[in-house]
Amino acid sequence: MGRGKSAATMTAMQTMTHAQALKKLAADTLVQALDEDIARLVAAAMLGNRKDPVDPGRVLPPLLQRWNCVLQAGDEVASAPYRHKTAVALAILLHKYGMADQAINARAEAGIDALNQAVALSDDFFRKTEAIKTTFLQMPPTPLKRAPAMPDSLSFYRAGDVVSLQVGAAFHVLYVHRCARTNESPVVEFYTPVFDHVPAMHELEGACARGQRYNDGRERISQYSVSGMKFMPDPAAQLVLVKACVEAGPDNRHLAPSVGLYTVSDIFRVQQGLEGG
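Residues numbered from 1 in each chain as written. Predicted model: local features only at pLDDT ≥ 70, side-chain atom pairs only at ≥ 80, totals over all residues. Heavy atoms only, no water.

Visitor: Account for the packing of aromatic side chains, naming residues and giving values.
Guide: Under the defined criterion, the tally for this structure stands at 2 aromatic pairs. Plain terms: the ring middles of Phe 156 and Phe 231 are 6.0 Å apart, the flat faces sit at 25° to each other, and that makes the pair stacked. Of this pair, Phe 156 sits in the loop between helix H8 (129-138) and strand S1 (162-167) while Phe 231 sits in the loop between strand S6 (224-227) and strand S7 (239-243); the two residues are 75 residues apart in sequence, bridging distant segments of the chain. In this structure Phe 231 comes out as buried when scored by relative accessible area, which is 14%. (Phe/Tyr/Trp six-rings, centres within 6.5 Å; stacked < 30°, edge-to-face > 60°. Helix = DSSP H or I, 4+ residues; strand = E, 2+ residues; numbered from the N terminus. Buried < 20%, exposed > 50% of the residue type's maximum accessible area, 1.4 Å probe, protein only.)

Laid out in C-alpha cells, this is it:
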C-alpha cells in the first residue's frame, strides 16, 4: 500500500484521526450536524444487534434523504464549496462509524480536488490531501464494536416558528407549539397542504392541521416531539424557517381530541412518515 508514497504522507496516514481531518474542512457546524445524524441512525441500527457490523442499508437511505437537500441542491440553496465539504465530511464520518460507500467516496475525492483547485481551504488541507484520501476514502473502515451515544436533543427552534421540511420533491410545513423540555425536542404540528417549493406565509392562510387516523376511524389532533431538529439554519437545508413568532398554528378544530400530549419521535422517523405523503 505504501509503494510510491512519500515518507511525509505515510506519517500523516499513521497519525491523522477522523477529527483532525474533519477539522481541516473549517465547517464545524456542518460536521457536528452530520455526525449527530449518523450517530442517531447507527445507534438505532445497532439496537438489539450489537455484534454484527452496521448495515449501511439501514443508515444511508434515510441519511441521504435528508442530506440530499444539500448534495443535490443548486447554487441558490448551497454553494459549490459547501456541497463539496458536505460530501467530504459524509465520507469521512461514514468511515468513522465503520461504513463506506463507493459512490460517496468517489464524490468526496472529486470534492477534495475541487476545493483544492478553488483554493477554498488552507495550505495544510492541500498538503494533507493524499493522506486524507488514502486513510479515509481508500482504506476499509474498522467496524464499530459498540453503539455510539445518542446525541442530545437540544434545539434552536422556538414556539411560534413555522418551518418547511423537505422530503424528496415535497415540502411539508410544521408549526412549533413549544419545546418538550427547556430548549429541547420541539413539539410540532403539521399543516395539511404540501408544496413543491418552500411556501410563503400567505400560502398557509386558512390552512388546517393534518391529523392522524386511528383504529376507531377518527382523525385526531397529532403532534410530535422531534429530536434531531436542532440547528437553525439547518446545515442539511432540509428545514427552512418560513416565519418566526407566528401566534397561532394550523386550525385543528375539525379534528378529534388527541391521544396523549404528543408522539415522541425524531427527524428521521418524521421524515419516514412523510415519504410519499
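Visitor: Account for the packing of helix H6 (residues 102-117) against H8, with residues named and values stated.
Guide: It is the contact of H6 with H8, at a shortest axis distance of 11 Å, that shows an interaxial angle of 170°. With respect to each other, H6 and H8 are oriented roughly antiparallel. Across the interface between the two elements, Asn 105, Ala 108, Glu 109, Ile 112, Asp 113 and Asn 116 of H6 pack against Thr 129, Ile 132, Lys 133, Leu 137 and Gln 138 of H8. Split into classes, the residues belonging to the contact of H6 with H8 amount to 4 nonpolar, 4 polar and 3 charged. (Axes fitted to C-alpha atoms, helices over the stretch in contact; angles between N-to-C directions. Parallel < 35°, antiparallel > 145°, perpendicular 65-115°, else oblique. Contact = heavy atoms within 4.5 Å. Nonpolar A, V, L, I, M, F, W, Y, C, P; charged D, E, K, R; others polar.)

Visitor: Run through empty space enclosed by the protein, naming residues and quoting values.
Guide: Tallied over the entire structure, the rule returns 2 cavities of 30 Å³ or more. For the largest cavity, the full set of lining residues is Ala 33, Glu 36, Asp 37, Arg 40, Arg 66, Gly 228, Lys 230, Phe 231, Asp 234 and Pro 235. Top contributing element to the lining of the largest cavity by residue count: helix H3 (residues 28-46), with 4 residues. By residue class, the composition of the lining of the largest cavity is 3 nonpolar, 1 polar and 6 charged. By volume, the second largest cavity amounts to about 50 Å³. Lining the second largest cavity are Tyr 214, Ile 221, Ser 222, Gln 223, Ser 258, Val 259, Gly 260, Leu 261, Tyr 262 and Thr 263. (1 Å grid on protein atoms, 1.4 Å probe; cavity = no way out; pocket = protein on both sides within 12 Å on 5 of 7 lines; lining within 4 Å. Points joined across faces, edges and corners; volume = space filled by probe spheres on them.)

Visitor: Can you explain the sheet that holds strand S2 (residues 170-181)? Please cite residues and give values.
Guide: Hydrogen bonding along the main chain pairs the strands of a sheet, whether they run parallel or antiparallel. Spatially, the 6 strands line up as an open sheet ordered S7-S1-S2-S3-S6-S8, and their pairing is mixed. Every other strand in the sheet has two partners, leaving S7 and strand S8 (263-266) as the edge strands with one partner each. Ignoring strand direction, the axes of neighbouring strands in this sheet form an average angle of 40°. Inspection of the sheet shows S1 paired to S7 by 4 bridges, in the antiparallel sense. Bridge pairing links Ser 164 to Val 240 in S7. (Pairing = 2+ DSSP bridges.)

Visitor: Can you lay out the pairing of S6 for me, pointing to particular residues and giving the numbers?
Guide: When strand S3 (residues 184-190) meets S6, the two strands line up antiparallel, connected through 2 bridges. When the sheet's bridge partners are listed, Val 187 is paired in S6 with Ser 225. Bridge count between S6 and S8: 4 bridges; the pairing is parallel. Bridge pairing links Ser 225 to Val 264 in S8.

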